[in-house]
Amino acid sequence: MSLSIDIRKQFPAFELQVAFQAEDEVFGLLGASGCGKSLTMRCVAGIETPDEGRIVVNDQVFFDSAAKVNLKPQQRKTALLFQNYMLFPNLTVEQNVGAGIPLDTPKDERARIIGAELRRFDVDAFAKRYPAQLSGGQQQRVALARMLAAKPGILMLDEPFSALDAHLKGVLEQNLSSLFDHFDGTILYVSHDIDEAVRFCDRIAVVERGRIMEVDTSRELVDDPKSVAGLKLSGVKNVAAVERLDATHVACEHWGVTLTLPDGVPEDAKAVGIRAFNVHPAEGPGTNVFRMRVDRVSDSRFDRMCLLSFLDRDEGAEDLVDAADQEVHYLHQRIYWRINMLYDSADRPEEGQELLMQLAPEHLYVVTR
C-alpha cells in the first residue's frame, strides 16, 4: 500500500505544487487555513484536477497528465472524511454504512460487512435511525464505519475534529484510533493542530502557500523544526527573522538585539525561534541575557503569559513606523514568556516589572527555510 504524488495546479491566490510519497502510515498535512492541505487531498480523490503531474495509489495510476489518465472519483477507491461527515440525510445509518460497498457484493456478505462496522464503532443500536436523529459524535462514528465498510485503497481525513468541543474531541479520538488500527494502508490526515497531528501521524508535511516546506516525523518536527512555517506550526511563539553576522552571531532586527549561537550559524540562516516556556529569568549578565519589561500579562487556567519588550535595543534597530501596522510591529518587537502557575512557585511577574531574562542558546532554533 502506498501513495506517490507530484502535482501542480494554479489557483487565484497561489500555486499548489506538492510532491511526496507515503507508505503504510498516517501521513499528516499540517498548515494554516487556505494553504493547500485540503486541495491536495481533493486532487487525490479526483474532486479537483491538477494542471499537470502524477498521482499513484497502490500501483494504480489515478492521474497522469503526460499519459492523459484521469480516473473519475468513483473509480479511485478512496475514502474521504470531510469536516461535516457528508452523510446522506435520506438514508438510515445502516444504509449510509453500506453506501460505499460495491453493488455486486452478495446480499449476505453485504449485511455481514455492515453489521461488523456498526458494532466496531458502537452504532448498531442506531441502525434504523437517520443522520438528523444522531448527535455529532454519533454521526462521526457512522462516517468512520462507512469508510471502512467500503474497503478503500487509501483513507483521507480532512480536519475531522474542527467542529467539536474539547471533551467530545477527546472521546472521538479513540474512535479514530480504532479506525487506524483496522486499516492496512496509507492514511492522509489534514490538520492545523500540531497536538492532534503529533498524536495521530507517523510523519508530517508542513504546508505553506501550496508548498511543502519540510517533512519530518512528528517528534522531529517538535524537537527540531527546519523552516519558519515548521517553527510556527509546532507551537513556537517567538520567531524572528535574522541576519548572519559571523559564525556565532545573528542580528534580530525586529527584536533589536544580537544573539550568540556558540554551536554555529548556517550561512543561509533565515530565522530564529524560542518556545515561550524556554524563556527564563537570569540571575545576572550572561550569554543572550537582556533587560526586559513586562508589557502585558494574561492568565489562562494554568499558565500566565507575559509579553516582554527589550529595553536595550541595538542602535539603529527598527522602530514602529506605520500607525496602521502599529499592533503588528508591537507584537513583532516583543517576545512571549509562559509561566506554569501549577508548578512554578516563583513570584509571578506583573505589568511594568523590569527583569533580566535569558534566551539560552540551547533553546534557540535556527532555520534556513
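Just above, that's the structure.
To keep things clear, this report deals only with the structure shown in the data block. (Residues numbered from 1 in each chain as written. Predicted model: local features only at pLDDT ≥ 70, side-chain atom pairs only at ≥ 80, totals over all residues. Heavy atoms only, no water.)

**A closer look at the pattern of salt bridges**
Between side chains of opposite charge, a pair can form as their charged atoms come close.
Okay, step 1: Considering all chains together, one arrives at 21 salt bridges under this definition.
Okay, step 2: Arg211 is the salt-bridge partner of Glu15, the closest N and O atoms lying 3.4 Å from each other. Pair noted here: Glu15 is in strand S2 (residues 15–22) and Arg211 is in strand S11 (residues 211–217), with a separation of 196 residues, a long-range link.
Okay, step 3: By relative accessible area, Glu15 is classed as buried at 19%.
Okay, step 4: Exposure remark for Arg211: the relative accessible area of 33% places this residue in the partly exposed category.
Okay, step 5: Note that Arg112 and Glu109 form a salt bridge whose closest N and O atoms lie 2.8 Å from each other. Here Glu109 and Arg112 lie together in helix H3 (residues 107–120), a separation of 3 residues that amounts to about one turn. (Salt bridge = Lys/Arg side-chain N within 4 Å of Asp/Glu carboxyl O. Helix = DSSP H or I, 4+ residues; strand = E, 2+ residues; numbered from the N terminus. Buried < 20%, exposed > 50% of the residue type's maximum accessible area, 1.4 Å probe, protein only.)

**Comments concerning the pairing of strand S9 (residues 186–191)**
Okay, step 1: Here S9 lies mainly inside the structure; 6 of its 6 residues are buried.
Okay, step 2: Side chains of S9 alternate between two faces, with Thr186, Leu188 and Val190 and Ile187, Tyr189 and Ser191 buried alike.
Okay, step 3: Of the strand pairs in this sheet, strand S3 (residues 26–30) and S9 are connected by 5 bridges, and their pairing is parallel. Bridging from a neighbouring strand, Phe27 pairs with Leu188 of S9.
Okay, step 4: Of the strand pairs in this sheet, strand S8 (residues 154–158) and S9 are connected by 5 bridges, and their pairing is parallel. Bridge pairing links Asp158 to Val190 in S9. (Pairing = 2+ DSSP bridges.)

**Here we look at the environment of His249**
Okay, step 1: Following the sequence through the fold, His249 ends up in strand S14 (residues 249–252).
Okay, step 2: The sequence separation of His249 and Asp223 amounts to 26 residues, and the corresponding C-alpha distance is 22 Å.
Okay, step 3: Residues within four places of His249 in sequence aside, it is in contact with Glu243, Arg244, Thr258, Leu259, Thr260 and Val265.
Okay, step 4: Here the side chain of His249 touches Thr248 through a polar contact of 3.0 Å, side chain to side chain. (Contact = heavy atoms within 4.5 Å. Polar contact = N/O pair within 3.5 Å; in protein donor to acceptor, adjacent residues only side chain to side chain.)

**Quick look at the nonpolar core**
Okay, step 1: Counting residues in each nonpolar core, the largest one holds 43 residues, and the members touching the most others are Val97, Leu144, Leu157, Leu176, Leu179, Phe180 and Tyr189.
Okay, step 2: With 7 residues, helix H4 (residues 136–149) is the largest single contributor of residues to this core.
Okay, step 3: Apart from the residues lying within four places of it in its own chain, the contact partners of Leu144 are Leu81, Phe121, Leu157, Asn175, Leu176 and Leu179.
Okay, step 4: Within the second largest apolar cluster, 29 residues are counted, among which are Phe14, Phe20, Ile154 and Val207. (Core = buried A, V, L, I, M, F, W, Y, C linked by side-chain atoms within 4.5 Å.)

**So, the sheet that holds strand S21 (residues 354–358)**
Okay, step 1: Reading across from one edge, S17-S21-S18-S19-S20 is the order of the 5 strands in this open sheet, with antiparallel pairing throughout. The strands lining the two open edges of the sheet, one partner per strand, are strand S17 (280–281) and strand S20 (334–340).
Okay, step 2: The sheet contact formed by strand S18 (residues 289–299) and S21 spans 5 bridges and is antiparallel. By the bridge assignment for S21, Arg293 is matched with Glu354.

**Concerning the packing of H3 against H4**
Okay, step 1: Look at H3 against H4: their axes get within 9 Å of each other, and the N-to-C directions meet at 140°. It follows from the interaxial angle that H3 and H4 lie oblique. Pair H3 / H4 crosses with right-handed handedness. Between H3 and H4, the residues in contact are Ile113, Glu117 and Arg120 and Ala145, Leu148 and Ala149, respectively.
Okay, step 2: Counted by class, the contact of H3 with H4 contains 4 nonpolar, no polar and 2 charged residues. (Axes fitted to C-alpha atoms, helices over the stretch in contact; angles between N-to-C directions. Parallel < 35°, antiparallel > 145°, perpendicular 65-115°, else oblique. Left-handed = near helix turned anticlockwise from the far one by under 90°. Nonpolar A, V, L, I, M, F, W, Y, C, P; charged D, E, K, R; others polar.)

**With respect to the sheet that holds strand S16 (residues 271–274)**
Okay, step 1: Spatially, 3 strands are ordered S12-S16-S22 in an open sheet, and the strand pairing comes out antiparallel. The sheet terminates laterally at strand S12 (238–241) and strand S22 (365–367), the two strands that pair on one side only. Averaged over neighbouring strand pairs, the angle between their axes works out to 20° when direction is ignored.
Okay, step 2: Judged from the 3 bridges that link them, S16 and S22 form a sheet pairing that is antiparallel. The partner of Ala271 across the bridge, within S22, is Val367.

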